[in-house]
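# Remarks on the overall topology
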Amino acid sequence: MSVFLFFILAAQHDTAAISRYVRAEMERQRIPGLSLAVLRGDSIVLSRGYGFANVELHVPASDSTVYQSGSMGKQFTATLVEMLVEQGRLRLDDSIVRWLPEGANVWPGVTVRRLLTHTAGIAEYTDSTFDYRKDYTEDELVKFAASRPLDFPPGERWSYSNTGYVLLGALIRRVSGVFYGDLLRDSVFGPLGMRDSRVITEADIVPNRAAGYRLEDGVLKNQEWVAPSLNTTADGALYFTVRDLTRWAVALNHRRVPSARALDTAWTPVRLADGAIYPYGFGWYLQPQRNQLRISHTGSWQGFKTVIARYPKSGLTVIVLANLAEAQVGAIAFGIAGLLDPALQPPHLVTQASGPQPPVAIPALLQRILARPDSAPITPRFRRFLSQDLTGWFSRLVSEGRQWAFAGCDVVRPREVFYLDAQIAYVCHARSARASGGGAVVTVFYTSRWRAAGIEGYGY
């Protein structure tokens, strides 16, 4: 057998295994339609659709199907900001009050960098007082955000904030004089040949647009309606196809957009005011997957779920777009990476756990944190980092009668992984499965003395 034929057969085996895995996950999760692109370097391993882009009309999904981005679009907002920085039109450590004077009384310590990294303390605008059926102008959204006090002093902690990226969209317009969607079209989408990518529109005819769905008591329903103006904000209101996103992935491989220097900054974990490090950059999560760096982000909005996951060491990029609010696309992407590189096998697919076991089992650790955080085996910085949202997640995990399984422990290379103020020695995983199917992976970052320095997770 020639070497060339061997590689063709190996590639066919890889794509067949990926398709089997995707179809099985779609059936298990009841996902109507999904589009997928997988790249190894600049070469496309697979680019295709599965299921239906529109269930009512029985329109098949393809690599040309258009999906809403959700928060995966934040990396594009961050790209525009970095382009403006490179042009000398603003600086990352400028106070945002310079362009958003509406917040002069509440945002004087908030910088552009803090907005990009979710460390500004900006309160979420999407709470119980917010009306999703109202057409707010961009200036009205800025004033609404400015009416809320900060959740914490800028730089004190990390807390995901859609509001921060809405403000970045307003800042981009005020710095450039151009709506962020138009600037994306002219500065990123057009030059890269991303012809189907654009801001969401309710009125325009959009070829190959998918319908978004949600499950309500197990029954498939259409996505909920929101005011059109809320689908134009910079926190994740874009249209993408996987075909376009392969062009974006190749541009990132070659560090063309925004630039090599800007990408180094975007892919550097944020440093908090006290020097602690959190694994998030500018619109990207920066976390390990089985001892390799994963640069990724997910999105969720109006019946759509999205993810792009990049693995620099293996050269893999996996992009998954789906039209179901409950779809666990992150787990699907991580699983596909594991099929192509066994060293990346994600915890939710581990069949035989390996590595050392932590002295306190992960579910017991969560219970101890909930019961007596002051005496739990965690670092002091992580103890201060605990929030109501985080402990609420722990509480749901340990109180729902789930079945737990240890999923292995990775010994981390010295000086490569930090979480908050701690150097990490072990990254350990446990699965928390529901009787109805699916569940969550809990990942704990440990010091060499088995103190938990941070806890992350994802659904599957």
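Residues numbered from 1 in each chain as written. Predicted model: local features only at pLDDT ≥ 70, side-chain atom pairs only at ≥ 80, totals over all residues. Heavy atoms only, no water.

### Details of the overall build of the protein
Basically, it comes down to this: Strands are runs of DSSP state E lasting at least 2 residues, helices are runs of H or I lasting at least 4, and numbering of each runs from the N terminus. Only C-alpha atoms enter the radius of gyration, while the globule expectation follows 2.2 Å times N to the 0.38, with N the number of residues. Contact between two residues is taken to exist if any of their heavy atoms lie within 4.5 Å; hydrogens are not considered. Methods summary: accessible areas were calculated by the Shrake-Rupley approach with a probe of 1.4 Å, and residue burial reflects only the protein chains presented. Charge counting treats Lys and Arg as positive and Asp and Glu as negative, with His and both chain ends excluded. For charged residues, the charge sits on one atom: NZ in Lys, CZ in Arg, CG in Asp, CD in Glu.
Assigned secondary structure in the protein consists of 12 helices and 20 strands. Against the compact-globule benchmark of 23 Å for 460 residues, the protein has a radius of gyration of 22 Å, which places it among compact chains. Once the C-alpha set of the protein is aligned to its principal axes, its extents read approximately 55 × 55 × 45 Å. Looking at the protein alone, contacts between residues at least 24 apart form 65% of all its contacts between residues at least 6 apart. Summed over all atoms, the accessible surface of the protein reaches about 19,600 Å², with 50% contributed by carbon and sulfur. Charge separation in the protein, taken as the distance between the mean sites of 49 positive and 41 negative side-chain charges, equals 6 Å.

### Considerations on the packing of aromatic side chains
Note the following rule: Pairs were defined over the aromatic rings of Phe, Tyr and Trp, the Trp ring being its six-membered one, requiring ring centres within 6.5 Å. Orientation was assigned from the angle between planes: stacked under 30 degrees, edge-to-face over 60, tilted for the rest. Criterion for a charge above a ring: Arg CZ or Lys NZ at most 6 Å from the ring centre, at most 35 degrees from the ring normal.
Inspection of the entire model under this criterion finds 24 aromatic pairs. Centre to centre, the rings of Tyr278 and Phe385 are 5.6 Å apart; their planes meet at 25°, and the pair counts as stacked. Taken together, the residues Tyr278 in strand 10 (residues 277-278) and Phe385 in helix 11 (residues 380-385) connect sequence positions 107 residues apart. Here the aromatic residues Trp158, Tyr160, Tyr278, Tyr280, Tyr285, Phe385, Tyr419 and Phe445 are joined through ring pairs into a cluster of three or more. Between Lys74 and the ring centre of Tyr165, over which it is positioned, the NZ or CZ distance is 5.6 Å. Its end group placed over the ring of Phe385, Arg157 keeps NZ or CZ at 5.2 Å from the ring centre.

### Here we look at the pairing of strand 11 (residues 285-289)
Threshold: Each residue gets one of three labels from its accessible area relative to the maximum for its type: buried under 20%, exposed over 50%, partly exposed in between, using a 1.4 Å probe on protein chains only. Here, strands pair whenever DSSP counts at least two bridges between them.
Of all 5 residues making up strand 11, 4 are buried, and the element is well covered by its neighbours. Relative to strand 12 (residues 292-301), strand 11 runs antiparallel, the two sharing 5 bridges. Looking across to strand 12, one finds that Gln287 is bridged to Arg294. Connecting strand 11 to the antiparallel partner strand 12 that follows it, the hairpin turn spans 2 residues, and Arg290 within it adopts a positive phi of roughly 50°.

### A few points about the pattern of salt bridges
Side chains bearing opposite charge may pair, as long as their charged atoms lie close to each other. To be explicit about the condition: We define a salt bridge as a contact between a side-chain nitrogen of Lys or Arg and a carboxyl oxygen of Asp or Glu at a distance within 4 Å.
Applying the stated rule across the entire model yields 17 salt bridges. Between Asp94 and Arg98 there is a salt bridge, with its nearest N and O atoms 3.4 Å apart. Across the salt bridge formed by Asp196 and Arg243, the nearest N and O atoms sit 3.9 Å from each other. Of this pair, Asp196 sits in the loop between helix 6 (180-192) and strand 5 (198-199) while Arg243 sits in helix 7 (residues 242-253), placing them 47 residues apart in sequence. Judged by relative accessible area, Asp196 falls into the partly exposed class, the value being 29%. Among the charged side chains, a network of salt bridges with common partners joins Arg91, Asp94 and Arg98.

### Let's talk about the state of the cysteines
Note the threshold: Sulfur atoms of two cysteines make up a disulfide when they are within 2.5 Å.
With the rule as written, the count across this model stands at 1 disulfide. What pairs with Cys409 in a disulfide is Cys428, and their sulfur atoms sit 1.7 Å apart. You can see Cys409 sitting in strand 15 (residues 403-411) and its partner Cys428 sitting in strand 18 (residues 426-433), a full 19 residues away along the chain. In this pair, the class of Cys409 matches that of Cys428, namely buried.

### A word on the sheet that holds strand 4 (residues 67-68)
Our working definition: Lines fitted to C-alpha atoms define the axes, with helix axes restricted to the stretch in contact, and inter-axis angles between N-to-C directions lie between 0 and 180 degrees.
Reading across the sheet, the 3 strands line up as 4-8-5 and stay open at both edges, with antiparallel pairing between neighbours. At either end of the open sheet lies a strand with only one pairing partner, and these are strand 4 and strand 5. Inspection of the sheet shows strand 5 paired to strand 8 (residues 238-240) by 2 bridges, in the antiparallel sense. Within strand 8, the position partnered with Arg198 by the bridge is Tyr239. Along the sheet, helix 6 contacts strand 5 and strand 8; its crossing angle with strand 8, the most-contacted strand, is approximately 35°.

### Thoughts on helix 9 (residues 329-340)
Definition in use: One fewer than the residue count of a helix, multiplied by 1.5 Å, yields its expected span.
Here helix 9 spans 17 Å end to end across 12 residues, near enough to the 16 Å set by a 1.5 Å rise per residue. Counting buried positions along helix 9 gives 11 out of 12 residues, so the element sits mostly inside the fold. Those residues of helix 9 that fall on the buried side of the exposure criterion are Val329, Gly330, Ala331, Ile332, Ala333, Phe334, Gly335, Ile336, Ala337, Gly338 and Leu340.

### Some words on unusual backbone geometry
For the peptide bond that leads from Val257 to Pro258, omega is 0°, which places it in the cis range. Its location among the elements puts Pro258 in the loop between helix 7 and helix 8 (260-266). Phi is positive for Asp217, which is not a glycine, with a value near 55°. Relative to the elements of secondary structure, Asp217 occurs in the loop between strand 6 (213-216) and strand 7 (219-222). Residue Arg255 is not a glycine yet carries a positive backbone phi of 55°. Along the chain, Arg255 falls in the loop between helix 7 and helix 8.

### Points about the packing of helix 10 (residues 362-371) against helix 12 (residues 388-399)
Applied cut-off: Each angle receives one of four descriptions, namely roughly parallel if under 35 degrees, roughly antiparallel if over 145, roughly perpendicular if within 65 to 115, and oblique otherwise. Handedness of a crossing follows from how the near helix is turned relative to the far one, being left-handed for an anticlockwise turn of less than a right angle and right-handed for a clockwise one.
Two elements in contact, helix 10 and helix 12, have axes separated by 10 Å at closest approach and are oriented at 130°. What the angle tells us is that helix 10 and helix 12 run oblique. For the pair helix 10 and helix 12, the crossing hand works out as left-handed. On helix 12, the residues touching Pro363, Leu366, Gln367, Ile369 and Leu370 of helix 10 are Thr391, Phe394, Ser395, Leu397 and Val398.

### Here's the deal with the environment of Leu397
If you trace the backbone, Leu397 turns up in helix 12. Between the C-alpha atom of Leu397 and that of Ala440, which follows or precedes it by 43 residues, the distance is 8.1 Å. Each residue touching Leu397, except ones within four places of it in the same chain, is listed here: Leu366, Arg402, Trp404, Ser432, Ala440 and Val442.

### Quick word on the nonpolar core
Our working definition: Here, nonpolar core refers to any group of buried Ala, Val, Leu, Ile, Met, Phe, Trp, Tyr and Cys residues whose side-chain atoms link them within 4.5 Å.
Counting residues in hydrophobic clusters, the biggest one holds 109 residues, and the most contacted among them are Phe76, Trp107, Val188, Trp248 and Ile455. Other than its neighbours up to four places away in sequence, Ile455 contacts Leu365, Leu366, Ile369, Phe382, Leu390, Trp393, Phe394, Tyr419, Val442, Thr443 and Val444. The next biggest cluster of nonpolar side chains, apart from the first, holds 33 residues, and it includes Leu36, Val38, Tyr213 and Val441.

### Focus: helix 7
Across its 12 residues, helix 7 extends 16 Å between first and last C-alpha, which sits within 8% of the 16 Å expected from 1.5 Å per residue. Judged by how many residues are buried, helix 7 sits mostly within the fold: 9 of 12 residues are covered. Backbone geometry just after helix 7 places Arg255 at a positive phi near 55°.

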